[in-house]
Protein chains: 2
Amino acid sequence: MRVSIYDTTLRDGSQGEGVNFSLQDKLLLTRRLDEIGVDYIEGGYPLSNPKDFEYFQAVREISLKHAKVCAFGMTRRKNAPAETDTCLKALLDAKTPVVTIVGKTWDFHVTEVLGTTLDENLRMIADSVAFCKSQGREVFYDAEHFFDGYRANPEYALKTLQAAATAGASVVILCDTNGGTMPERIAEVVGAAKRAVACEVGIHCHNDCELAVANSLAAVRAGASQVQGTMNGIGERCGNVDLLSVIANLALKYKYDVLTPGSLTRLTETSRYVYELANLNHRVGQPFVGASAFAHKGGMHTHAVAKDPTTYEHITPEAVGNERRILVSELSGQSTILTKTAKYELNHDKALMAKILNAVQNLENQGYEFEAAEASFDLLVRKVAKEHKPWEVDKKLKLYQPWFERVTYRVNIEARENNTPITEATVRLKIAGQIEHTASEGDGPVNALDGALRKALVRFYPRLNEMQLVDYKVRVVNPRAGTAARVRVVIESRDGTDVWGTVGVSENVIEASWLALCDAIEYKLFKDEERAKR
Amino acid sequence: MRVSIYDTTLRDGSQGEGVNFSLQDKLLLTRRLDEIGVDYIEGGYPLSNPKDFEYFQAVREISLKHAKVCAFGMTRRKNAPAETDTCLKALLDAKTPVVTIVGKTWDFHVTEVLGTTLDENLRMIADSVAFCKSQGREVFYDAEHFFDGYRANPEYALKTLQAAATAGASVVILCDTNGGTMPERIAEVVGAAKRAVACEVGIHCHNDCELAVANSLAAVRAGASQVQGTMNGIGERCGNVDLLSVIANLALKYKYDVLTPGSLTRLTETSRYVYELANLNHRVGQPFVGASAFAHKGGMHTHAVAKDPTTYEHITPEAVGNERRILVSELSGQSTILTKTAKYELNHDKALMAKILNAVQNLENQGYEFEAAEASFDLLVRKVAKEHKPWEVDKKLKLYQPWFERVTYRVNIEARENNTPITEATVRLKIAGQIEHTASEGDGPVNALDGALRKALVRFYPRLNEMQLVDYKVRVVNPRAGTAARVRVVIESRDGTDVWGTVGVSENVIEASWLALCDAIEYKLFKDEERAKR
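Residues numbered from 1 in each chain as written. Chains lettered and ligands numbered in written order. Predicted model: local features only at pLDDT ≥ 70, side-chain atom pairs only at ≥ 80, totals over all residues.

### Comments concerning the overall build of chain A
Line of reasoning, step 1. In terms of helices and strands, chain A carries 17 helices and 16 strands.
Line of reasoning, step 2. On the principal axes, the C-alpha backbone points of chain A span a range of 80 × 60 × 50 Å. (Helix = DSSP H or I, 4+ residues; strand = E, 2+ residues; numbered from the N terminus.)

### A short note on helix 9 (residues 212-221) of chain A
Residues and elements named next belong to chain A.
Line of reasoning, step 1. Among the ten residues that make up helix 9, nine are buried, leaving the element largely enclosed by the rest of the structure.
Line of reasoning, step 2. Within helix 9, the full set of buried residues consists of A212, V213, A214, N215, S216, L217, A218, A219 and V220.
Line of reasoning, step 3. A positive backbone phi angle near 120° is found at G223, which sits one or two residues after helix 9. (Buried ≥ 20, exposed ≤ 12 C-beta atoms within 10 Å, placed from the backbone.)

### Concerning the sheet that holds strand 6 (residues 171-176) of chain B
Residues and elements named next belong to chain B.
Line of reasoning, step 1. Read around the closed barrel, eight strands run 1-2-3-4-5-6-7-8, paired in parallel fashion. Between one strand and the next, the sheet's axes are offset by a mean angle of 25°, whatever the strand orientation.
Line of reasoning, step 2. Of the strands in this sheet, strand 6, strand 7 (200-205) and strand 8 (226-229) are in contact with helix 9 (residues 212-221), which crosses strand 7 at around 170°. (Pairing = 2+ DSSP bridges. Axes fitted to C-alpha atoms, helices over the stretch in contact; angles between N-to-C directions. Contact = placed C-beta atoms within 7 Å.)

### Overview of the sheet that holds strand 10 (residues 422-431) of chain B
Line of reasoning, step 1. One open sheet holds the six strands; their spatial order is 13(A)-12(A)-11(A)-9(B)-10(B)-11(B), and the pairing between them is antiparallel. The strands lining the two open edges of the sheet, one partner per strand, are strand 13 (434-442) of chain A together with strand 11 (434-442) of chain B. For this sheet the average axis-to-axis angle between neighbouring strands, irrespective of direction, equals 10°.
Line of reasoning, step 2. Inspection of the sheet shows strand 11 (residues 405-416) of chain A paired to strand 12 (residues 422-431) of chain A by nine bridges, in the antiparallel sense. Note on strand 12 of chain A: the bridge partner recorded for E414 of chain A is I422 of chain A.

### Description of the confidence of the model for chain A
Line of reasoning, step 1. Residues of chain A with pLDDT of at least 70 account for 92%, and the chain-wide mean is 89.
Line of reasoning, step 2. Scored as a complex, the prediction yields pTM 0.75 and ipTM 0.75. (pLDDT = per-residue confidence, 0-100.)

### Notes on the pairing of strand 7 (residues 200-205) of chain A
Residue and element names in this part refer to chain A.
Line of reasoning, step 1. A large share of strand 7 lies buried, amounting to five of its six residues.
Line of reasoning, step 2. As judged from the six bridges shared by strand 6 (residues 171-176) and strand 7, these two strands associate in the parallel manner. When the sheet's bridge partners are listed, L174 is paired in strand 7 with I203.
Line of reasoning, step 3. Each parallel crossover has a hand, and the one from strand 6 via helix 8 (residues 183-196) to strand 7 is right-handed.
Line of reasoning, step 4. Chirality of the crossover, the property in question, places the unit of strand 7, helix 9 and strand 8 (residues 226-229) among those that are right-handed. (Right-handed = clockwise from strand over helix to strand, strands pointing away.)

### Quick word on the nonpolar core
Line of reasoning, step 1. Counting residues in hydrophobic clusters, the biggest one holds 199 residues, and the most contacted among them are Y141 and L174 of chain A together with L174 of chain B.
Line of reasoning, step 2. Core analysis: the next-biggest nonpolar cluster, separate from the first, contains 112 residues, A415 and A425 of chain A together with W500 and W514 of chain B among them. (Core = buried A, V, L, I, M, F, W, Y, C linked by C-beta atoms within 7 Å.)

### A short note on the environment of N279 of chain B
Line of reasoning, step 1. Counting through the fold element by element, N279 of chain B comes out in the loop between helix 11 (267-278) and helix 12 (299-307).
Line of reasoning, step 2. The exposure class assigned to N279 of chain B is buried, which follows from the 21 C-beta atoms found within 10 Å.
Line of reasoning, step 3. For N279 of chain B and V474 of chain B, which are 195 residues apart along the polypeptide, the C-alpha to C-alpha distance reads 8.2 Å.
Line of reasoning, step 4. Discounting chain neighbours no more than four positions away, the residues touching N279 of chain B are K473 and R475 of chain A together with K473 and R475 of chain B.

### A closer look at unusual backbone geometry
Residue and element names in this part refer to chain A.
Line of reasoning, step 1. For L259, which is not glycine, the phi torsion reads 55° and is therefore positive.
Line of reasoning, step 2. Topologically, L259 is positioned in the loop between helix 10 (243-253) and helix 11 (267-278).
Line of reasoning, step 3. Residue classification places L259 among the buried residues on the basis of 22 C-beta atoms within 10 Å.

### Some words on helix 15 (residues 374-387) of chain A
Line of reasoning, step 1. An ideal rise of 1.5 Å per residue puts 20 Å on 14 residues; helix 15 of chain A measures up with 20 Å between its terminal C-alpha atoms.
Line of reasoning, step 2. Packing partners of the buried residues in helix 15 of chain A comprise helix 14 (350-365), strand 16 (499-506) and helix 17 (509-533) of chain A. (Expected span 1.5 Å × (residues − 1).)

### As for the interface of chain B and chain A
A common way to report how large an interface is uses the accessible area buried once the components associate.
Line of reasoning, step 1. With 88 residues of chain B at the contact, the number on the chain A side is 85 residues.
Line of reasoning, step 2. Elements with a minimum of two residues in the side of chain B that touches chain A: helix 4 (107-114), helix 9, helix 10 (243-253), helix 12, strand 9 (405-416), helix 16 (445-457), strand 12 (468-476) and helix 17 (509-533) of chain B.
Line of reasoning, step 3. It is strand 9 of chain B that contributes the most residues to the side of chain B that touches chain A, ten residues altogether.
Line of reasoning, step 4. When grouped by side-chain class, the residues that make up the side of chain B that touches chain A number 34 nonpolar, 30 polar and 24 charged.
Line of reasoning, step 5. Pairing of strand 14 (residues 468-476) of chain A with strand 12 of chain B, which is carried by two bridges, proceeds in the antiparallel orientation. Counted as the bridge partner of V474 of chain A is V474 of chain B from strand 12 of chain B. (Nonpolar A, V, L, I, M, F, W, Y, C, P; charged D, E, K, R; others polar.)

### Examining the packing of helix 7 (residues 154-166) of chain B against helix 8 (residues 183-196) of chain B
Residue and element names in this part refer to chain B.
Line of reasoning, step 1. Running from N to C, helix 7 and helix 8 point in directions that differ by 45°, and their axes come no closer than 10 Å. Considering their axes alone, helix 7 and helix 8 lie oblique with respect to each other. Crossing hand, helix 7 versus helix 8: right-handed. Along the contact surface, helix 7 presents L158, L161 and Q162, while helix 8 presents A192, A193 and A196.
Line of reasoning, step 2. Here the contact of helix 7 with helix 8 is composed, by residue class, of five nonpolar, one polar and no charged. (Parallel < 35°, antiparallel > 145°, perpendicular 65-115°, else oblique. Left-handed = near helix turned anticlockwise from the far one by under 90°.)

### Details of the environment of Y344 of chain A
Line of reasoning, step 1. Assignment of secondary structure puts Y344 of chain A in the loop between helix 13 (334-340) and helix 14.
Line of reasoning, step 2. Considering only alpha carbons, one finds Y344 of chain A and F377 of chain A, 33 residues apart in sequence, at a separation of 12 Å.

### Notes on the pairing of strand 12 of chain B
Residue and element names in this part refer to chain B.
Line of reasoning, step 1. Here strand 12 lies mainly inside the structure; eight of its nine residues are buried.
Line of reasoning, step 2. Sheet analysis places strand 12 next to strand 13 (residues 487-494), joined by eight bridges and oriented antiparallel. Paired with R475 across the bridge in strand 13 is R488.

### Considering the packing of helix 15 (residues 374-387) of chain B against helix 17 of chain B
Residue and element names in this part refer to chain B.
Line of reasoning, step 1. For the pair helix 15 and helix 17, the least separation of the axes is 9 Å and the interaxial angle reads 70°. It follows from the interaxial angle that helix 15 and helix 17 lie roughly perpendicular. Mapping the contact onto sequence places A375, S376, D378 and L379 in helix 15 and D519, A520, E522 and Y523 in helix 17.
Line of reasoning, step 2. Taken together, the residues of the contact of helix 15 with helix 17 break down into four nonpolar, one polar and three charged.

### So, the environment of D242 of chain B
Line of reasoning, step 1. Along the chain, D242 of chain B turns up in the loop between strand 8 and helix 10.
Line of reasoning, step 2. Here the alpha-carbon distance between D242 of chain B and D52 of chain B, two residues 190 residues apart in the chain, equals 23 Å.
Line of reasoning, step 3. Every residue in contact with D242 of chain B, bar those within four places of it in the chain, is listed here: E210 of chain A together with V213, G229, N232 and G233 of chain B.

Written as structure tokens, this is what we have:
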């Protein structure tokens, strides 16, 4: 059975804190959603702001393969005709194949928020739907607060749906606007709505009780044939339902027909694309598509997964375009290293594997942790492989070479009375046989060191300009020793295509930062060179 | 009806990526979970690592009001007696009132991963439970992969539960280890388990399909009386079920009896405390407890909420200790401040409360967080109270006085080739009218600054010798700005009687550390003086 997917990332999603799409972002996302077979794309609220208005003009120039663009608006004002309503006019001016009209279900909202009669609200719904329909649009009707309204006055709530359906709406969508309804109640109420109207029924959930996915699935199983939500569940408060999880569950667990064939394997890339566009950080633990969704730590699990992935995976990561990651953790053993190095195709060489394991364990004893620092692990493999019969190592792996030699560095921080401290770093590097001696101020010691390193290196490796640091974390490794303890610094860097983590450990936070910084730069240089060869 | 809450943040939660609790963290969290009425606290896996072993020794020294501590381990090895099994021995050596034993349900795992017969697996379960029971422990039995095992071989799966129950387990817990089961299936299988055993049935869910909360609720409604999970849902892959959401839904939506009376209003503070301990970022959109969970953006919503909050809120934020936020900001509100300052008995003075709130909001805007830094908050209250009609402030509170004036400091770090870097700090303080100028080397900049501070101060305040730093954490506050971002340093200090946290924020990690260090010292001096007076 087909379930249609209605994406409102561009409208309801943009209500999320810190979410802000440019016009260009909105057009890019429309194209991307169309590519994976999303059925309906709600582009915005034309009356609300000029950017949404421009979007509807621009989107008409894009030829979409599958998706229909929808414009969103409210029912007409009270006690006035639909034909002259400014909101409905803006909605029609958007010239989309579908318009979605939101109206009131909850008797209390009608009288208290809207300040009108229950009968006039029914006429507002019917007139608005009928008018848009008469102008050649397909009309969807969003019943705001449907579940709360149904609790307060079930008979009236169903009447609002019937008003929309009778006036020509092809789908009436039940909205759990406040996100407070439990799954079994969702199923019961969807059933009642199905019995009350002849048209299709849809569902629109919010995640305030961490039940939006369960609620959407319960609604579909009770007969809803359209699911509204957003990519990555972005949206106001706790967000809208995450369509990615809904799609994966509907397709893989219940075998519904969703999106277009082959699109399921693009869910992970779509998730990350939306985060990048919205300028939000990825959620590593996000179901199905997160970087940790198929990550395995701990020797026993790792061993079992290597034997048979179904032991600790409910689906194959490839089904949703994600990948398995074996984390190198405190409990590392031979099996972790084998799995972790599989991509280098070095496994035929048992002695090399043993040396890598040995190196990892030595570093772990010093406080290193590679689970969030795969780039440092990558460099370690190259270093060990270089010392170990390099001529026998598979050609796929570029052996370690220092891209620069670290001669000296110095950092000085001075604070006077209550002024901002002054930080200066100097570094001396040897690059291609010559000494580069540079200095930089910075907001702090890491920033200053980063500045000095770049000054020395960009002349030789200009692509370092593409790279920036995105996160910096410090942990004490053996807290009982107080300030004299060892600290572990983890740095996350990125460029246009990748995000990578590196690690440094030292009793000195500056030295640990320096080690992680240098690794981040070296990894960038290795990965770019390898990519260029392919 | 009562549902018991079993927290495994310290064991299963610590399998999450980037999660790493120190021994001190584990003890602090145990105390905090006990305070809110968590019924069972799974402290660790005594055989797996020395830190867990030390934890069980140390936790016996803490007197808990309500919670029972549980040690976790596996069934005995195949073909060997329980009495001499090293894992079971370690489990019993932990000397906890409850032990939780995990065993295999899935026939395929028994033969393929464990490499034994189905009958021997049943004996392994029964023997292990019976042996621990004979040693005076209450025994819980975790049935790993129960739902997958039940699908493959329902008869055998139920036999494993019966083996545990007959041998004396008081609760058998059904684990959806891979997180792949749908809610209606959870309910069906819990029903079957309830019919098969006379003891209590529990549920343990993972969030791989974004259904862990729905699954846990479905299990309780089908008869499960214990829910296992973690605070904030931290854990491997997509995490364990978030107990905070489960608790809130059970208590507020289904009216079950959970935790201890009044604890529900502490859920939000508990969530933030766990994030700080685990050195993870808060999830602003987290249901119930996130900073955005009750945030209202958009004029229409805001207006309606101002008229009547139930228009866009499914519960009152205060029910879970959270707050409504109308403006887009991260700010604390009046009620938080009232709760936080209750112990000072200053509440009669509304104007003072408003000034404290204002000071906190200003600092929060700069990236401060006082959740794990109550000592810094304490100093702030003293400072604000001093400026505000000091003569009217209750005598219980010693007003702020600087114990020393900070004139200048300087830190220099120099590294040559591959040698250990040399770190030197100098500080100039004014104490009792005279300038103290001291210098110290250190393992790193914080250690060197700490050394120089102590050299200057111990002559005046010898009791600073009792104090040591036990933890040091750094977090980037606005990670997108890379190394130039602001960092928040949280320092944990202790002496013979107390543990206290302080915070500093700056673009410069050294300055942020300096601020947190100075606060730690001042708090020590205040608290000792007040104690001496009592």
